[in-house]
Amino acid sequence: MVNRTKRGSAGKTATFTEELKRRTAKASRDHLDESLDTMEETRFKRKYVDLIHKLSKELHFTREELESLVVIYYKLLRANNTDRKEITKNEVKDILHDTFDITDTKMAGYIICKLDKRPGPNFSMENWLRSMSLYLRGTFDEQIKFCFEVYDIMSKGVLDPRMLMHLMSGSLLGEHDDMEVLKDLVECVTKKMDLDRDGVISLEDFRQVIVEEPLLLECFGQCLPTRLASKAFLISFTPYIGKL
Ligand SMILES: [Ca+2]
């Protein structure tokens, strides 16, 4: 386990953790008294006691793991600005890229909009914890629902061929998409996934197809971290290595 953290995605997580340490060390130097950080960290955790209690019953984390994720959020918050109350969507987008191997910036934008649906640039603590639960320990059904939600860019409740054209352009065929090829591809996918033949792909259509063929889960673009990346991030804070 330890050796794995030196390679690939795990290495990126190590880099991320080191960067966090570097930034928090700088923040504590700025405060002169390093113990102040620990006190602030404890105060910060206390602030979220009720939220942690509520989410420990709902999400796939123990209270201890949620506390660790609260501290990671705190360190991100402190890394850039001591006064602000929330981290930003752009910072989470960087984490998607650097830590979770989601390198398609177009998809990362759609993902962020669904992980924190509030307008504005901020990303809340609650959404951070919910996102990590989905990304690190999400069930297959949660993953199916999330991918569908991300692909449903306009929140219409269904995926139509026009939307699929938009999703698949650029990511599958490169920058110079051949529109005819793309159109054929979308027709082919719609034919396969539109089980009740109403011209659009509903969540139920999507779910039935994915249960049959799990490899199609992210067929319209990557929405979830690679398995290796999510395990590597989990290892960085959970005491329950055996439950990975
Ligand atoms: Ca349908």
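All values reported here derive from a predicted model rather than from experimental measurement. (Residues numbered from 1 in each chain as written. Predicted model: local features only at pLDDT ≥ 70, side-chain atom pairs only at ≥ 80, totals over all residues.)

Student: Please clarify how the overall build of the protein should be interpreted in this entry.
Tutor: In terms of regular secondary structure, the protein is built from 12 helices and 4 strands. The buried share of the protein, reckoned over its 244 residues, is 31%. A separation threshold of at least 6 residues defines the contact pool for the protein, and within that pool the share at least 24 residues apart is 64%. (Helix = DSSP H or I, 4+ residues; strand = E, 2+ residues; numbered from the N terminus. Buried ≥ 20, exposed ≤ 12 C-beta atoms within 10 Å, placed from the backbone. Contact = placed C-beta atoms within 7 Å.)

Student: Explain the environment of Gly221 here, please?
Tutor: In this structure, Gly221 sits in the loop between helix H11 (203-212) and helix H12 (227-235). Here Gly221 falls in the buried class, since 20 other C-beta atoms lie within 10 Å of it. Sequence separation between Gly221 and Met107 is 114 residues, and the spatial gap between their C-alpha atoms is 6.7 Å.

Student: What exactly am I supposed to notice about the environment of Asn90 here?
Tutor: For Asn90, the position within the fold is in helix H5 (residues 89-98). With 31 residues separating them in the primary sequence, Asn90 and Pro121 have C-alpha atoms 7.5 Å apart.

Student: Just to check I follow, could you spell out the nonpolar core for this structure?
Tutor: Counting residues in each nonpolar core, the largest one holds 55 residues, and the members touching the most others are Leu69, Val70, Tyr73, Ile111, Leu129 and Cys147. Of the residues forming this core, the biggest block, 8 residues, is contributed by helix H4 (residues 63-80). Ignoring anything within four residues of it in the chain, the contact list for Ile111 reads Leu96, Ile102, Val150 and Cys223. (Core = buried A, V, L, I, M, F, W, Y, C linked by C-beta atoms within 7 Å.)

Student: For this particular structure, what's the right way to read the UniProt feature "domain: EF-hand" (unreviewed entry) in the protein?
Tutor: In the numbering adopted here, UniProt assigns the feature "domain: EF-hand" (unreviewed entry) to residues 181-216. Annotation note: span residues 181-216, helix share 64%, strand share 6%, distance between end C-alpha atoms 19 Å. (UniProt positions renumbered as here; feature names shortened; annotations may be inferred.)

Student: Help me out: how do you make sense of the packing of H4 against helix H7 (residues 125-137) in this one?
Tutor: Packed helix pairs are specified by the crossing angle of their axes together with the interaxial distance, meaning the distance between the axes. Running from N to C, H4 and H7 cross one another at 125°; their axes reach a closest spacing of 10 Å. One way to sum up the angle between H4 and H7 is to call them oblique. Read as a crossing pair, H4 and H7 show a hand that is right-handed. Touching Leu66, Leu69, Val70 and Tyr73 of H4 are Met125, Trp128, Leu129 and Met132, all from H7. Tallied by class, the residues present in the contact of H4 with H7 amount to 8 nonpolar, no polar and no charged. (Axes fitted to C-alpha atoms, helices over the stretch in contact; angles between N-to-C directions. Parallel < 35°, antiparallel > 145°, perpendicular 65-115°, else oblique. Left-handed = near helix turned anticlockwise from the far one by under 90°. Nonpolar A, V, L, I, M, F, W, Y, C, P; charged D, E, K, R; others polar.)

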